[in-house]
Amino acid sequence: EGGAEGDHVAFYSQDMNQGMQERMRIESGLRHALGNGELLLHYQPKFCIDNGKIIGAEALVRWRHPVRGLVPPAEFIPLAEATGLVVQVGEWVLEAACAQAKQWKDAGLPPIRLAVNVSAREFTSALPGRVQDTLTRYGLEPSWLELEITESTLMHNIDRVIGIMDRITALGVTLSLDDFGTGYSSLSYLKRFPIDTLKIDRSFTIGIPGDANDCAIANTIISIAQQLKHKVIAEGVETVEQLAFLKNSGCDEVQGYLFSRPLEAEAFEEALRENWTP
Ligand code: C2E
Ligand code: CA
Ligand code: CA
Ligand code: CA
């Protein structure tokens, strides 16, 4: 029996070893990807719930891997967060998003707000300066840019985080609180955050309208947003029933497969042009 247990341990450590090798393989691949132009952004439109117009987009990173094809962020962002490489990924994303926004602006497209996801590890005192510098280099109005931060960002040193947020909003860049309700940020802090928009997480949208709890949570988030004078957007909207419920509840904006999947830059530009044709 001792042998069987030994085998078990041996298999286990072999698995660990493989897991580690896989991580190292992805990490060095990602480093290479950063320098080699293998990352790209897709853009998922955000819509005004009242008039159905595109009011913005969320930039979502992908990795065009030479062998594995288009790799979704779920397969490399968590690892990049664990290793710290997400800081470089984030720098690339901000740069690419601003370059794209500038291009759309110069092409005469209607002004929209382009949202970039910022992970907790990027949310340092260096971020406001980097944002300012990037906007200046591209000659881009700050109103074109939004940063989506998650609740986990807010769980660290709260006064420090609020200081960084204040510096970012002072630039004219807006902040939205992503995946709202999935973290642990205290409601007493919420009023101190200089945020523009609360984002209802897909895990709540998904149960609307059948699940009474998800409906109650969505309504509560909408009500908190309204009372704190924030806008509120629901992500992951896939059905007309969800849309009807959210509209009736006073949600301001929607994003999801019902309207559009994340699009390549050209396809998004096309959608934006069509959307604004009188
Ligand atoms: P997220 O910020 O919550 O982004 C929303 C995710 O939901 C996106 O997945 C989007 O494609 C997907 N989605 C949108 N509408 C629907 C829908 O109606 N149904 C379903 N089933 N899914 C929908 P994606 O692009 O795979 O991104 C996953 C996550 O990866 C993001 O979640 C975000 O946490 C992270 N991520 C993506 N891009 C970046 C980035 O540039 N930087 C950082 N730090 N994280 C990123
Ligand atoms: Ca997001
Ligand atoms: Ca989200
Ligand atoms: Ca989410």
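Rules behind the numbers
Residues numbered from 1 in each chain as written. Chains lettered and ligands numbered in written order. Predicted model: local features only at pLDDT ≥ 70, side-chain atom pairs only at ≥ 80, totals over all residues. Heavy atoms only, no water. Near = heavy atom within 4 Å. Polar contact = N/O pair within 3.5 Å; in protein donor to acceptor, adjacent residues only side chain to side chain. Areas by Shrake-Rupley, 256 points an atom, 1.4 Å probe, with all protein chains shown as cover. Helix = DSSP H or I, 4+ residues; strand = E, 2+ residues; numbered from the N terminus. Nonpolar A, V, L, I, M, F, W, Y, C, P; charged D, E, K, R; others polar. Donors = N, O, S within 2.8 Å, 3.2 Å for Na, K, Ca; no water. Buried < 20%, exposed > 50% of the residue type's maximum accessible area, 1.4 Å probe, protein only. Salt bridge = Lys/Arg side-chain N within 4 Å of Asp/Glu carboxyl O.

What follows is about the site of ligand 1. Around ligand 1, 20 residues are found, and the nearest of them are Gln44, Arg62, Arg202, Glu238 and Tyr257. At 3.1 Å from an oxygen atom of ligand 1 is found a side-chain nitrogen or oxygen belonging to Asp178. Residue Tyr257 places a main-chain N or O atom 2.8 Å away from an oxygen atom belonging to ligand 1. Here ligand 1 has 810 Å² of accessible area as a free molecule, and 82% of this is covered by the chains. Considering every element that reaches the shell around ligand 1, the biggest residue donor is strand 2 (residues 54-65), with four residues. Here the shell around ligand 1 is composed, by residue class, of eight nonpolar, five polar and seven charged.

So, on to the coordination of the calcium ion (ligand 4). Ideal values differ by geometry: the angle at a metal is 109.5 degrees with four tetrahedral donors, but 90 or 180 degrees with six octahedral donors. Protein-derived coordination of the calcium ion (ligand 4) comes from Asp179 (OD), Asp201 (OD) and Glu235 (OE), at a distance range of 2.2 to 2.5 Å. Expressed as a motif, the donor residue spacing for the calcium ion (ligand 4) is D-x21-D-x33-E. Here the calcium ion (ligand 4) and the calcium ion (ligand 3) are spaced 3.1 Å apart, linked through Asp179, which binds each one. Within this pair, whereas Asp201 is found in the loop between strand 7 (197-200) and helix 7 (202-205), its partner Glu235 is found in the loop between strand 8 (231-234) and helix 9 (240-249), the two being separated by 34 residues in sequence. The same class applies to Asp201 as to Glu235, namely buried.

This part is about the pattern of salt bridges. On inspection of all chains with the given rule, the structure shows 16 salt bridges. Between Glu146 and Lys46 there is a salt bridge, and its shortest N-O distance comes to 3.0 Å. In this pair, Glu146 is assigned in strand 5 (residues 145-150) and Lys46 in strand 1 (residues 39-48), connecting sequence segments 100 residues apart. The exposure classification of Glu146 matches that of Lys46, with both residues buried. Taking the shortest distance from any N to any O, the salt bridge between Glu269 and Arg273 comes out at 2.9 Å. Note that Glu269 and Arg273 are positioned in helix 10 (residues 265-275) at a spacing of four residues, about one turn of the helix. Residue Arg273 is classed as partly exposed on the basis of its relative accessible area of 39%.

Here the focus is the coordination of the calcium ion (ligand 2). Protein coordination at the calcium ion (ligand 2): the donors are Glu58 (OE), Asn117 (OD1), Glu148 (OE) and Asp178 (OD), at 2.2 to 2.3 Å from the metal. Going along the chain, you hit the donors of the calcium ion (ligand 2) in the pattern E-x58-N-x30-E-x29-D. Between the calcium ion (ligand 2) and the calcium ion (ligand 3), the interatomic distance is 3.5 Å, and Asp178 donates to each metal, bridging them. Here Glu58, found in strand 2, pairs with Asn117, found in strand 4 (residues 113-118); they are 59 residues apart in sequence, far enough to count as distant.

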